[in-house]
Every structure is written in structure tokens, then in C-alpha cells.
Amino acid sequence: MTTTDRYGVMGYPVSHSRSPVIHRLFALQTNQDIQYELLQVSAEKLETAVRQFQRTGGKGLNITVPHKAEVARLCNHLSERASTAGAANTLSFVDSEIHGDNTDGIGLLRDLAVNLGVHLEAADILILGAGGATRGIVGPLLEMQPASLLIANRTVGKAELIADQLKRLGPVSTCTFDDIPVDTDYDLIINATSAGFKGETPPYPENAVSPGTFCYDLSYGLKPTPFSVWAREHGAARSVMGWGMLVEQAAESFSIWRKVRPDTAPVLKQMKITA
Ligand code: ATR
């Protein structure tokens, strides 16, 4: 009988996912005997696939695009951060129950605050986009007590929905791309749209970048993303892609499952990524 514990990442599509490599590196580093699979599952098969993974002895799953919100409904318990985000990216199978957590926000915070030294307290923050990714990061960012957090979105109603749910946590406001105030020196601009991913270029706000602005793209790639190129061209102090967030959110999932925290720095390095 094998003692290897099974984990995996479920999404659609999922073949591009770096999670298996990251979790294998964490397991090697911390001497954990785990197996981590790539599981491509369409929306209509999500529930069956999750329950089957659980039934056949799986210990935990990462859930990625587009299933994070839907999977939260299958959970018997949701952590506070998953409940605030309305989405789960980490499932743990405990006895016969499904526990859901969301490590995206803490992953971003760790990358920004610990790896990159960005000060979030009293910062003016602009987030572009109001989809699932934004939903996962607004709560944790507000808890860092920024001076302001503005969510700009093509469809402003979606931004308003997120802001209404989370305004109890801090100063959050919304607008369209066209209405982004240009008289604010944003300390941090985060691209949370899926535009670059789809090869589209949204009307990024021309005058929002000032020489002190740190630009962070939640998307990442082997080549610079359209947003990171745009940020550099517009004179951002620094422009970084979301590799660090990817590794940090994975480390948080790994810690939840294995009760041991891996060191993320060598993993980032081993993936030949410059953060
Ligand atoms: P995710 O889960 O990755 O956040 P999503 O929920 O589909 O994905 O959200 C995608 C976000 O990117 C949305 O804010 C979307 O804007 P709308 O809410 O108006 O749809 C934004 N987005 C995608 N393509 C875009 C484009 N070409 N221009 C501007 N915004 C875009």
C-alpha cells in the first residue's frame, strides 16, 4: 500500500499550470512524500471530479480559473478569507468534509511586502479589473490599511459590487477606466484584468503612472506581459509580473496541507524567474 498523499490542481484549461513543478520542489525541499497531478476539468464536471478525487483518497486540491467561485459552494467549511473573497483556491479533504481556503490574497501580500519591499500602509492603490482575481485580493490589501484603494473596471457595476461587500474593511472606491483621477500619485497599480492573457490591450490609464509608482501584473509569462511593458514605457519605478504571488500562494496551500512552510526563495530562483 502506498503512503504517498495525493494532491492536484483542477482548472480549465490547466496544461499551462506551473503548480505541479512548484509543489514538487516544495516537497523535495521539506521531505514530504506527495504526488501532485494536473486535472483538466470542465465546469459541468467540476463537482463530480472534486468528489471523486476526495472519494479515492485525495488529500487536497488547488482550484484555478474558472472554478474558484463555483467550488466555494461545494465546501462544508470556508475560511474567513475564502468567504470574503467568495472563492476558494485551496481545498482540504478532512474526514468526509471539504474545507475551502483562499491563499491568493496572502500570496500577493507576501510577494509585495516581504519579497519586494513595497509599503502598503498609507499607500494609494489602484486596481485595474474587477473579476475573480480582484475579489481575492481586495480584502487582504484593505487590511494593510492603505490610504485609498480604487477599483477601476470596464464594467463599473462589478467593481461596485466588490466595493460594497468590502467597504467595512477600509477606504475602497470605484470608477471606470476613463474616470480614474490623474491627480493622485499612485504608489501601487495592480493589473487584475484578464486582458493580456487574451492578447487584448485595455485602455490603461495614460496619466496614472508617476515616477514613484510600483506596477504589479497578476499575470505572468516568460516574456514581459503587455501591462508590464506598458508600465515601463510610462515611467513606473518598477514593473513586476506575478511569479512571486504564484509561488507564495502555493507555499500557503502547501503549509495548510502539510503543516510545514517551504522556503519560497530557492523555488523562485530554481524556476529561473527574476522577481
Ligand atoms: P479573473 O478571474 O482572472 O479575474 P474574470 O472574472 O473573467 O477573470 O475577470 C476578468 C477581468 O478583466 C474583468 O474585470 C474584465 O472586465 P469586465 O468586468 O468589464 O468584463 C477585465 N477585462 C478582460 N478583458 C478586458 C479588456 N479587453 N479591457 C478591459 N478589461 C478587460
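Cut-offs applied
Residues numbered from 1 in each chain as written. Predicted model: local features only at pLDDT ≥ 70, side-chain atom pairs only at ≥ 80, totals over all residues. Heavy atoms only, no water. Helix = DSSP H or I, 4+ residues; strand = E, 2+ residues; numbered from the N terminus. Rg over C-alpha atoms; globule rule 2.2 N^0.38 Å. Buried < 20%, exposed > 50% of the residue type's maximum accessible area, 1.4 Å probe, protein only. Contact = heavy atoms within 4.5 Å. Areas by Shrake-Rupley, 256 points an atom, 1.4 Å probe, with all protein chains shown as cover. Lys, Arg positive; Asp, Glu negative; His and termini not counted. Charge placed at Lys NZ, Arg CZ, Asp CG, Glu CD. Pairing = 2+ DSSP bridges. Right-handed = clockwise from strand over helix to strand, strands pointing away. Near = heavy atom within 4 Å. Polar contact = N/O pair within 3.5 Å; in protein donor to acceptor, adjacent residues only side chain to side chain. Axes fitted to C-alpha atoms, helices over the stretch in contact; angles between N-to-C directions.

Digging into the overall build of the protein chain
Across its full length, the protein chain holds 10 helices and 12 strands. Its C-alpha atoms give the protein chain a radius of gyration of 18 Å, near enough to 19 Å, the size a compact globule of 275 residues would have. C-alpha atoms of the protein chain, sized along the principal axes, occupy 65 × 35 × 35 Å. For the protein chain, the proportion of its 275 residues judged to be buried stands at 53%. By sequence separation, contacts in the protein chain at least 24 residues apart represent 68% of the contacts at least 6 residues apart. Element-wise, carbon and sulfur atoms account for 51% of the exposed surface of the protein chain, whose accessible area totals about 13,100 Å². Positive and negative side-chain charges of the protein chain, numbering 25 and 29 respectively, have mean locations separated by a distance of 8 Å.

Some remarks on the pairing of strand β9 (residues 172–175)
Inspection of the sheet shows strand β8 (residues 148–152) paired to β9 by 4 bridges, in the parallel sense. Residue pairing across strands places I151 opposite T174, the latter belonging to β9. Following the backbone out of β8, through helix α7 (residues 156–166) and into the adjacent parallel β9, one traces a crossover that is right-handed.

Let's talk about the pairing of strand β2 (residues 34–40)
Across 7 bridges, the pairing between strand β1 (residues 5–11) and β2 is parallel. Residue V9 lies in a different strand from β2, and its bridge partner there is L38. Following the chain from β1 across helix α1 (residues 19–30) to the adjacent parallel β2, one finds a crossover that is right-handed.

Topic: the site of the ligand
Lining the immediate environment of the ligand, one finds 15 residues, of which A130, N153, T155, K158 and E200 sit closest. A distance of 3.0 Å is found between an oxygen atom of the ligand and a side-chain nitrogen or oxygen belonging to R154. E200 has a polar side-chain atom sitting 2.7 Å from a nitrogen atom of the ligand. Protein chains bury 77% of the 640 Å² of accessible surface belonging to the ligand in isolation.

Structural notes on unusual backbone geometry
Residue P13 is bonded to the preceding Y12 through a cis peptide linkage, with omega at -5 degrees. Here P13 shows up in the loop between β1 and α1. Following V65, the chain continues into P66 via a peptide bond in cis, with omega recorded as 5 degrees. Inspection of the secondary structure puts P66 in the loop between β3 (60–63) and α3 (68–72).

Things to note about the sheet that holds β1
Two pairing modes exist for strands in a sheet, parallel and antiparallel, and in both the strands are linked by backbone hydrogen bonds. Spatially, the 6 strands line up as an open sheet ordered β2-β1-β3-β5-β6-β4, and their pairing is mixed. If you trace the sheet from one side to the other, it starts and ends with β2 and β4 (77–78), each paired once. Pairing analysis gives 5 bridges linking strand β5 (residues 90–94) to strand β6 (residues 97–101), with the strands arranged antiparallel. Bridge pairing in β6 places S92 opposite H99.

Quick word on the side chain of H67
Looking at the element boundaries, H67 is found in the loop between β3 and α3. Polar contacts involving the side chain of H67 include one to the main-chain carbonyl oxygen of V41, which spans 2.7 Å. Look past the residues within four positions of H67 in its chain and what remains in contact with it is M10, G11, Y12, V41, S42, A43 and L46.

So, the sheet that holds β9
The 6 strands lie next to each other as β9-β8-β7-β10-β11-β12, forming an open sheet whose pairing is parallel. Across the chains shown, the open sheet's two edge strands, defined by having one partner strand only, are β9 and β12 (238–241). Adjacent strand axes in the sheet meet at a mean angle of 20 degrees, parallel and antiparallel pairs treated alike. Alignment of strand β7 (residues 124–128) against strand β10 (residues 188–191), held across 4 bridges, turns out to be parallel. Residue L126 lies in a different strand from β10, and its bridge partner there is I189. Across the sheet, α7 is in contact with β8 and β9; its angle to β9 comes to roughly 170 degrees.

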